[in-house]
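# Report on the structure
Okay, here's what each chain looks like letter by letter:
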Amino acid sequence: TPKKPYTSPQLYRVPLQ
Amino acid sequence: MNPTAVYAKHPDYVQRDVAGECILVPVRRSLTDANSIYVLNETGAALWQRFDGAHTVENICTSFMDEYDVAPSQLHQDVDTLLADLLSIQAIQEVAVAHGPTG
């Protein structure tokens, strides 16, 4: 199985509701 | 990063998948803490799923490299950053792992 392309993990904060 | 550390998702957060995005929502907290939600991208969500309280960071990185095309040094650096981010919002917690007798 070919490996999936990698992007750096990101955590976004969404202020708020 | 401690490669032998084990992390688990904090019960104060629930995960919802909305429109293909992984959203973390704080619950059971004071309103001042609950005024934000958090969104993980695809690789962030894949790592988040693996923090199950059973696998070490090293185990997670190894299995992740089998699935994704990434250099070990890059992955370790990114996991280190993600762990710091998740710990800062208390979305994960380190769990103690009982070690059996060595003798």
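Structure shown above.
Keep in mind that this is a model prediction, so the values were computed, not measured. (Residues numbered from 1 in each chain as written. Chains lettered and ligands numbered in written order. Predicted model: local features only at pLDDT ≥ 70, side-chain atom pairs only at ≥ 80, totals over all residues. Heavy atoms only, no water.)

For the rest of this paragraph, the subject is helix α1 (residues 42–50) of chain B. In terms of burial, α1(B) is largely enclosed, as seven of its nine residues are buried. The set of residues buried in α1(B) consists of Thr43(B), Gly44(B), Ala45(B), Ala46(B), Leu47(B), Trp48(B) and Arg50(B). (Buried < 20%, exposed > 50% of the residue type's maximum accessible area, 1.4 Å probe, protein only. Helix = DSSP H or I, 4+ residues; strand = E, 2+ residues; numbered from the N terminus.)

Here the focus is the sheet that holds strand β7 (residues 92–95) of chain B. All names here are of chain B. Spatially, β5-β1-β7 is the arrangement adopted by the three strands of the open sheet, whose pairing is antiparallel. The sheet terminates laterally at β5 (52–56) and β7, the two strands that pair on one side only. Going from strand to strand, the sheet's axes swing by 30° on average, the running direction of each strand aside. Two elements, strand β1 (residues 6–9) and β7, share four bridges in a ladder whose sense is antiparallel. Bridge pairing in β7 places Ala8 opposite Gln93. (Pairing = 2+ DSSP bridges. Axes fitted to C-alpha atoms, helices over the stretch in contact; angles between N-to-C directions.)

So, about the interface of chain A and chain B. Listed as interface residues are 14 residues of chain A and, on the opposing side, 25 residues of chain B. Across the chain A to chain B interface the summed buried area is about 1,700 Å²; carbon plus sulfur atoms make up 58%. Together, Lys4(A), Tyr6(A) and Leu11(A) form the three largest contributors to the area buried by chain A at its contact with chain B, with a combined 39%. Where chain A packs against chain B, one counts one salt bridge. Here Lys4(A) ties to Glu67(B) by a salt bridge, and the two come within 2.8 Å at their closest N and O atoms. (Contact = heavy atoms within 4.5 Å. Buried area = accessible area lost by both parts, 1.4 Å probe. Salt bridge = Lys/Arg side-chain N within 4 Å of Asp/Glu carboxyl O.)

It is worth spelling out the packing of aromatic side chains at this point. All names here are of chain B. Counting across every chain of the model gives four aromatic pairs over all chains. Seen from their ring centres, Tyr7 and Phe51 are 6.3 Å apart, and the 75° between their planes marks the pair as edge-to-face. Here the residue Tyr7 occupies a position in strand β1, and Phe51 occupies one in the loop between α1 and β5, the gap between them amounting to 44 residues. On the basis of relative accessibility, which here comes to 9%, the residue Tyr7 falls in the buried class. By relative accessible area, Phe51 is classed as buried at 2%. Relative to Tyr38, the ring of Tyr13 has its centre 6.3 Å away and its plane inclined at 55°; by these criteria the two rings are tilted. Of this pair, Tyr13 sits in strand β2 (residues 13–18) while Tyr38 sits in strand β4 (residues 36–40), and the two are 25 residues apart along the sequence. (Phe/Tyr/Trp six-rings, centres within 6.5 Å; stacked < 30°, edge-to-face > 60°.)

Scanning the entire structure with this criterion turns up two salt bridges over all chains. It is possible to trace a salt-bridge network through shared partners that takes in Lys4(A), Arg50(B) and Glu67(B).

Residue and element names in this part refer to chain B. Here helix α3 (residues 72–88) spans 24 Å end to end across 17 residues, near enough to the 24 Å set by a 1.5 Å rise per residue. Looking at α3, one finds that the buried residues are Leu75, Asp78, Val79, Leu82, Leu83 and Leu86. Taken around the axis of α3, the buried residues stretch over an arc of 140°, which confines them to a single face. Exposed residues on α3 whose side chains face more than 90 degrees from its buried face are Ser73, Gln77 and Ser88. With its phi angle positive at about 60°, Gln90 sits one or two positions after the end of α3. (Expected span 1.5 Å × (residues − 1). Arc of directions from axis to C-beta.)

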